[in-house]
Amino acid sequence: MIVWPIIRNVLKGTGIISVRGFRQWWQSLPDKKRRYFFHSARKKRHELILLITLLGCCFYVYHWKHLQVAPVSGRERFIAFTDYQFEKIMEFNAQKLCANLKEKFLPANHLYYGVVLNTLNVLINANQDISEVKDIKWTVAIVDNPAVNAIVLPTGHIFVDRGLMEFVHDVDQLAFVLAHEMSHAILKHTAENLSRLQLVDYLVISTMTALWALMPNDGIAIVFHWFLNKVVNVLLDLPYSRFLENEADKVGLELAAKACYDIRCGTVFWTMMSLAEQLEGKSKPEWLSTHPSSFKRAELFDCFIHKYSHVRHECKCPPLPEVDPRGILHEMKVKVDNIVTARKTRARIERLKIPLPNHDKDHFSRSLTVDRITGREFSVKVGILPGVKDPDASGDKEEMNELKDKNIENNIEETVINSTSTEQNKKVNK
Ligand SMILES: [Zn+2]
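Fair warning: this is a prediction, and the values are worked out from it, not measured in the lab. Counting restarts for each chain: residues are numbered from 1 in the order of the written sequence. Reporting in this predicted model follows two pLDDT cut-offs: at least 70 for local features of residues, and 80 or more for side-chain atom pairs to be given and counted; totals over whole chains, interfaces and linings ignore these cut-offs and use all residues.

## Thoughts on the overall build of the protein chain
And step 1. Note on conventions: DSSP H or I runs of at least 4 residues are helices, E runs of at least 2 residues are strands, and numbering of each starts at the N terminus. Across its full length, the protein chain carries 16 helices and seven strands.
And step 2. Counting other C-beta atoms within 10 Å of each residue's C-beta, where C-beta atoms are placed from the backbone, gives the exposure class: buried for 20 or more, exposed for 12 or fewer, partly exposed between. Looking at the protein chain residue by residue over its 430 residues, the buried ones come to 18%.
And step 3. Whether two residues are in contact depends on their C-beta atoms, placed from the backbone: they are in contact if these lie within 7 Å. For the protein chain, the share of sequence-separated contacts (at least 6 apart) that also reach a separation of at least 24 residues comes to 70%.

## Comments concerning the packing of helix 9 (residues 189-214) against helix 10 (residues 218-258)
And step 1. Angles shown run from 0 to 180 degrees and are taken between the N-to-C directions of axes, each axis being a line fitted to C-alpha atoms and, for helices, limited to the stretch in contact. For the pair helix 9 and helix 10, interaxial distance at closest approach is 11 Å and the crossing angle is 160 degrees. Considering their axes alone, helix 9 and helix 10 lie roughly antiparallel with respect to each other. Judged by the sense of rotation from one axis to the other, the crossing of helix 9 with helix 10 is right-handed. Residues His189, Asn193, Arg196, Val200, Val204, Thr207, Met208, Leu211 and Trp212 of helix 9 form the contact with helix 10, whose own contacting residues are Ala221, Phe224, His225, Leu228, Val232, Leu236, Tyr240, Leu244 and Ala248.
And step 2. In this classification, Asp, Glu, Lys and Arg are treated as charged, Ala, Val, Leu, Ile, Met, Phe, Trp, Tyr, Cys and Pro as nonpolar, and every other residue, Gly included, as polar. When grouped by side-chain class, the residues that make up the contact of helix 9 with helix 10 number 13 nonpolar, four polar and one charged. Each angle receives one of four descriptions, namely roughly parallel if under 35 degrees, roughly antiparallel if over 145, roughly perpendicular if within 65 to 115, and oblique otherwise. Crossing handedness is defined as follows: a turn of the near helix away from the far one that is anticlockwise and smaller than a right angle gives a left-handed crossing, while the clockwise case is right-handed.

## Comments concerning unusual backbone geometry
And step 1. Backbone geometry places Val72, a non-glycine residue, at a positive phi of 65 degrees.
And step 2. Here Val72 is to be found in the loop between strand 1 (67-69) and strand 2 (76-78).
And step 3. Although it is not a glycine, Lys188 adopts a positive phi angle of roughly 55 degrees.
And step 4. Take Lys188: it is sitting in the loop between helix 8 (171-186) and helix 9.

## Digging into the nonpolar core
And step 1. As used throughout, a nonpolar core is a set of buried Ala, Val, Leu, Ile, Met, Phe, Trp, Tyr and Cys residues joined through C-beta atoms within 7 Å of each other. Ranked by internal contacts, the top residues of the largest apolar core, which has 42 residues, are Leu123, Val160, Ala175, Leu178, Ala179, Met182 and Ala256.
And step 2. Residue contributions to this core peak at nine residues, all from helix 8.
And step 3. Excluding its chain neighbours within four sequence positions, the residues that come into contact with Leu178 are Thr119, Leu120, Leu123 and Ile158.
And step 4. Membership of the second largest hydrophobic core comes to five residues, among which are Ile16, Val19, Trp212 and Ala221.

## Describing the confidence of the model for the protein chain
And step 1. Put simply, the protein chain has an average pLDDT of 81, and 83% of its residues get 70 or more.
And step 2. The model gives residues 412-417 a pLDDT under 50, and that stretch makes eleven contacts with residues more than four places away or in other chains.
And step 3. Along the chain, pLDDT gives the predictor's confidence residue by residue, from 0 to 100. In this model, residues 424-430 is a region of pLDDT below 50 whose contacts with residues beyond four sequence positions or in other chains number one contact.

## Let's talk about the pairing of strand 5 (residues 157-161)
And step 1. For strand 5, the tally of buried residues reaches four of five residues, placing the bulk of the element in the interior.
And step 2. DSSP calls a pair of strands paired once it identifies at least 2 bridges connecting them. Note: strand 3 (residues 139-143) against strand 5, five bridges, orientation parallel. Within strand 5, the residue paired with Ala141 across the bridge is Phe159.
And step 3. Relative to strand 5, strand 4 (residues 150-152) is paired through three bridges, and the arrangement is antiparallel. Counted as the bridge partner of Ile151 is Phe159 from strand 5.
And step 4. Remark: four residues form the turn of the hairpin made by strand 4 and strand 5, two consecutive strands paired antiparallel; Gly156 in that turn has positive phi of roughly 100 degrees.

## Structural notes on the UniProt feature "transmembrane region" (unreviewed entry) in the protein chain
And step 1. Mapped onto the present numbering, the UniProt feature "transmembrane region" (unreviewed entry) falls at residues 48-64.
And step 2. This span, residues 48-64, is 100% helix and 0% strand, and a straight line between its end C-alpha atoms measures 24 Å. UniProt positions are given in the numbering used here, feature names are shortened, and annotations may be inferred rather than shown by experiment.

## Section: the packing of helix 5 (residues 111-126) against helix 8
Helix-helix packing is characterised by the crossing angle of the two axes and by the distance between the axes.
And step 1. In the contact formed by helix 5 and helix 8, the axes pass within 10 Å of each other and the chain directions differ by 65 degrees. Crossing hand, helix 5 versus helix 8: right-handed. Between helix 5 and helix 8, the residues in contact are Val115, Thr119, Leu120 and Leu123 and Val171, Leu174, Ala175, Leu178, Ala179 and Met182, respectively.
And step 2. Of the residues assigned to the contact of helix 5 with helix 8, the class counts are nine nonpolar, one polar and no charged.

Now the structure itself:
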């Protein structure tokens, strides 16, 4: 599997070079010769169809022989290699990643280790009925990285970023993230995704080879080649990745429910993530992302609360705390909406700002002004009231302008926040 990316590129390169040669040879043939080859191919069409059918059957048998049932979700999927092969490959990857991140690992006596180890132990202990949970040797490292993230390797190594520990409010939220990562390893998502990519690669390589043979020149073939890669990425790779993330969310929720964590905290975590993205302006369209949007994940968790309340009940967990942790979300959403609205309003006003004539000395002079009807210059008759600070005289004009702009902006933001809050308060009161 480590050598697969190399084999894939060699196959692509060889395929393209061969068919380019074939195309050039075909284009150089006289019409008579081309007709002769067409005629021969038509005569042997039955043999060709038989060959394609045989290849199809071989592929079907190969696919069927490598189908495995996923634990917990019970879904059937294709995995191209054995557990032993995959373990060896992943051990190599784990060593490489550990060597890269080693310098950033927080020391084992750091406060965060206690929290993470304790939460993981609770999750593992409560899910001993799943053989994969027992078989995997789980280990954890906290990485000194500000990102709100965690990753897991199929070998059971979990890497938690410091940013995630600073972001979560309580152990229940942390439990959902850890359970999600554990689910990826239990469900062998990496093995499944790599196997699928291998199949997609066969399809892409054969289509690209045909494309390079059929296109009239290299320029058009390159454009189509690029387009095909994008289409495969958006229509096959990204939706599949999102599907696996959703499955890990559902299975993770089940693991956390069996460990008696507060199942409502998953919704709180993903809503907070969604709000943070809104504030940072980071959210991108879901169809261009490997993960479902945080907003949709929060919705999904909310939908499953009823189902997993029963799981908690069956596992004889204590009842959920009376105070619903989702209660804080409404207030948080209102605040974030107000900030975002204020920023948008300020940006709109910035765009509309028209420079006043007295900002430009060439067009406006304090001693002379222009009559709008006759166009003649005349002396200014109106004086400035004594006591008014004169920026030209004191030399602090820029400071004055800056102060003025700041005041305007603050007033705008305050007005928008106040007016939105009042509107929302009115709605709530209604
Ligand atoms: Zn994930």
